[in-house]
Amino acid sequence: MSKKVLVTGGTGYIGSHTVVELQNEGFEVIIVDDLSNSNIEVLDAIEKISGQRPQFEKFNLAEREKTDAFFEKYNHMDAIIHFAAFKAVGESVEKPLEYYRNNLVSLMNLLENMKRHNVPSLVFSSSCTVYGQPDQLPVTESTPRKPAESPYGNTKAVSEDIMRDFSHAAEGLNCIALRYFNPIGAHPSALIGEFPVGVPNNLVPFITQTAAGLRDELKIFGEDYDTPDGTAIRDYINVVDLAKAHVVAINRLMEKKNKAAYEFFNVGTGNGYSVMQLVKTFMEVNGVEVKYQITDRRAGDIEKIWADTTLANEELGWKAEKTLEETLASAWAWEKNVRNIK
Ligand code: WQD
């Protein structure tokens, strides 16, 4: 009997890539997504890649009755991967209560049902945003968290605390939080990828849309940072590598290899690249022009961050494998596929 995994937010960017990797490893997947920031056609693309169509239920997990009814209906589940959340940093400043309600209530509804239906394992999407601008680089898991810069970031920190307290109190129910650095790129099939609604906030979708002619020029936010070329530095992780980290985390919990009821890991490459390096590498690898202009810093941005991945490498036995070049090539292949560019 194959193991059943509930993937919330499974039609989203990271969720859809994780569904494919789970299916490749023989898991049966049920997706719950309210489609507020993703598209139902993603199910067709997943099926094209893996040959399997995941089960799908459309609702928002912050709705208690619907969540309870879902767990009554499916009853037995082996594990949960919880991606479903609002994730726009700027919007969260405008609408804090929406962010707290959606992101925190959905997690609590899931944990309550884990307990009621005895689902032993949960893997959660956290973020390197919990570190703020760290005093020392690279950041390890023992680097202290800093107060969040945004309600969005705070929902990640509070969610981590909720899982820690819950798993310590609930015998046999264990959680792993994965602190993602900056996920980029797309599946090598170019059938799934990041599909932002409206003007992209994130760097790589803005680059690919500029290369595709949808945007006039990229604005590079600041060149007066204390970095070798003056532009900000991040740890960009390939989305398929990131998806695989979830499969490893799920297996760790299912095989009871975890060392504590609640664990958390950095999921990055361990390498920092500047915005300028990223833009130049994208142009070189893909042979396309991306017009750009240097502008002022973006409010709230940190200067530099990259991960120490020793714990994920040694404890999880997971390591990022893809190069920045192949990741940026996959991002462009996906954009071209979406826009019908030859
Ligand atoms: C990367 C770098 C920008 C756009 C955010 C959230 C984080 C997370 C991922 C979400 C920065 C620069 C960007 C542009 C630019 N979580 N940039 N021009 O800010 O590191 O992380 O998204 O779901 O929590 O904070 O990612 O891709 O927005 O920016 O120069 O048009 O690119 O200033 O240095 P960020 P990003």
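Residues numbered from 1 in each chain as written. Predicted model: local features only at pLDDT ≥ 70, side-chain atom pairs only at ≥ 80, totals over all residues. Heavy atoms only, no water.

**Looking at the overall build of the chain**
- Along the chain, the regular secondary structure elements total 11 helices and 13 strands.
- For the chain, whose C-alpha radius of gyration is 19 Å, the value lies close to the compact-globule estimate of 20 Å for 342 residues.
- C-alpha extents for the chain along the principal axes are approximately 55 × 45 × 40 Å.
- Evaluated residue by residue, the chain yields a buried proportion of 52% over its 342 residues. (Helix = DSSP H or I, 4+ residues; strand = E, 2+ residues; numbered from the N terminus. Rg over C-alpha atoms; globule rule 2.2 N^0.38 Å. Buried < 20%, exposed > 50% of the residue type's maximum accessible area, 1.4 Å probe, protein only.)

**A few points about the packing of aromatic side chains**
- Taken as a whole, this structure holds 6 aromatic pairs when the rule is applied.
- The rings of F59, F70, F71 and Y74 are connected pair by pair, giving a single aromatic cluster. (Phe/Tyr/Trp six-rings, centres within 6.5 Å; stacked < 30°, edge-to-face > 60°.)

**Comments concerning the environment of V199**
- With respect to the helices and strands, V199 occurs in the loop between β7 (182-184) and α7 (203-211).
- The exposure class of V199 is exposed, given its relative accessible area of 52%.
- For V199 and F124, which are 75 residues apart along the polypeptide, the C-alpha to C-alpha distance reads 27 Å.

**A word on the site of the ligand**
- Residues in contact with the ligand amount to 20 residues; listed here are only the nearest, L203, K219, R234, R298 and D301.
- Here an oxygen atom of the ligand sits 3.4 Å away from a polar atom, N or O, in the main chain of N201.
- Within the side chain of N202, one N or O atom sits 3.0 Å away from an oxygen atom of the ligand.
- Bound to the protein, the ligand loses 87% of the 690 Å² it would expose on its own. (Near = heavy atom within 4 Å. Polar contact = N/O pair within 3.5 Å; in protein donor to acceptor, adjacent residues only side chain to side chain. Areas by Shrake-Rupley, 256 points an atom, 1.4 Å probe, with all protein chains shown as cover.)

**Some words on the sheet that holds strand β6 (residues 174-180)**
- Here 7 strands make up an open sheet; going across it, the order is β3-β2-β1-β4-β5-β6-β11 and the pairing parallel. Here the strands that pair on one side only, and so sit at the sheet edges, are β3 (55-57) and β11 (262-267). Within the sheet, the average angular offset between the axes of one strand and its neighbour, ignoring direction, is 20°.
- Of the strand pairs in this sheet, strand β2 (residues 28-32) and β3 are connected by 3 bridges, and their pairing is parallel. When the sheet's bridge partners are listed, V32 is paired in β3 with E57.
- Running over the sheet, helix α8 (residues 239-254) touches β1 (4-8), β4 (79-82), β5 (121-127), β6 and β11 and is turned about 160° from β6. (Pairing = 2+ DSSP bridges. Axes fitted to C-alpha atoms, helices over the stretch in contact; angles between N-to-C directions. Contact = heavy atoms within 4.5 Å.)

**A closer look at the packing of helix α1 (residues 13-24) against helix α2 (residues 42-50)**
- Packing of α1 against α2 leaves a shortest axis separation of 10 Å and a crossing angle of 30°. The angle between α1 and α2 falls in the class roughly parallel. Pair α1 / α2 crosses with right-handed handedness. Between α1 and α2, the contacting residues are S16, V19, V20 and Q23 on the first element and V42, I46, I49 and S50 on the second.
- Classifying every residue of the contact of α1 with α2 gives 5 nonpolar, 3 polar and no charged. (Parallel < 35°, antiparallel > 145°, perpendicular 65-115°, else oblique. Left-handed = near helix turned anticlockwise from the far one by under 90°. Nonpolar A, V, L, I, M, F, W, Y, C, P; charged D, E, K, R; others polar.)

**Things to note about the UniProt feature "domain: NAD(P)-binding" (unreviewed entry) in the chain**
- Mapped onto this structure's residue numbering, the UniProt feature "domain: NAD(P)-binding" (unreviewed entry) falls at residues 6-329.
- This span, residues 6-329, is 40% helix and 16% strand, and a straight line between its end C-alpha atoms measures 31 Å. (UniProt positions renumbered as here; feature names shortened; annotations may be inferred.)

**Let's talk about the pairing of β6**
- In terms of residue burial, β6 counts as a mostly covered element, since 7 of its 7 residues are buried.
- Of the two faces of β6, the one lined by N174, I176, L178 and Y180 and the one lined by C175, A177 and R179 are each fully buried.
- Examined bridge by bridge, β5 and β6 share 7 bridges and lie parallel to one another. Of the residues in β6, the one forming a bridge with S126 is R179.
- Looking at chain direction, β6 and β11 are connected through 6 bridges and run parallel. Among the inter-strand pairings, I176 is bridged to a residue of β11, identified as E263.

**Notes on the environment of L35**
- For L35, the position within the fold is in the loop between β2 and α2.
- Judged by relative accessible area, which is 21%, L35 ranks as partly exposed.
- Sequence separation between L35 and G10 is 25 residues, and the spatial gap between their C-alpha atoms is 9.5 Å.
- Sequence-distant contacts of L35, that is, excluding residues within four places in its chain, are made with T11, I40, F56 and K58.

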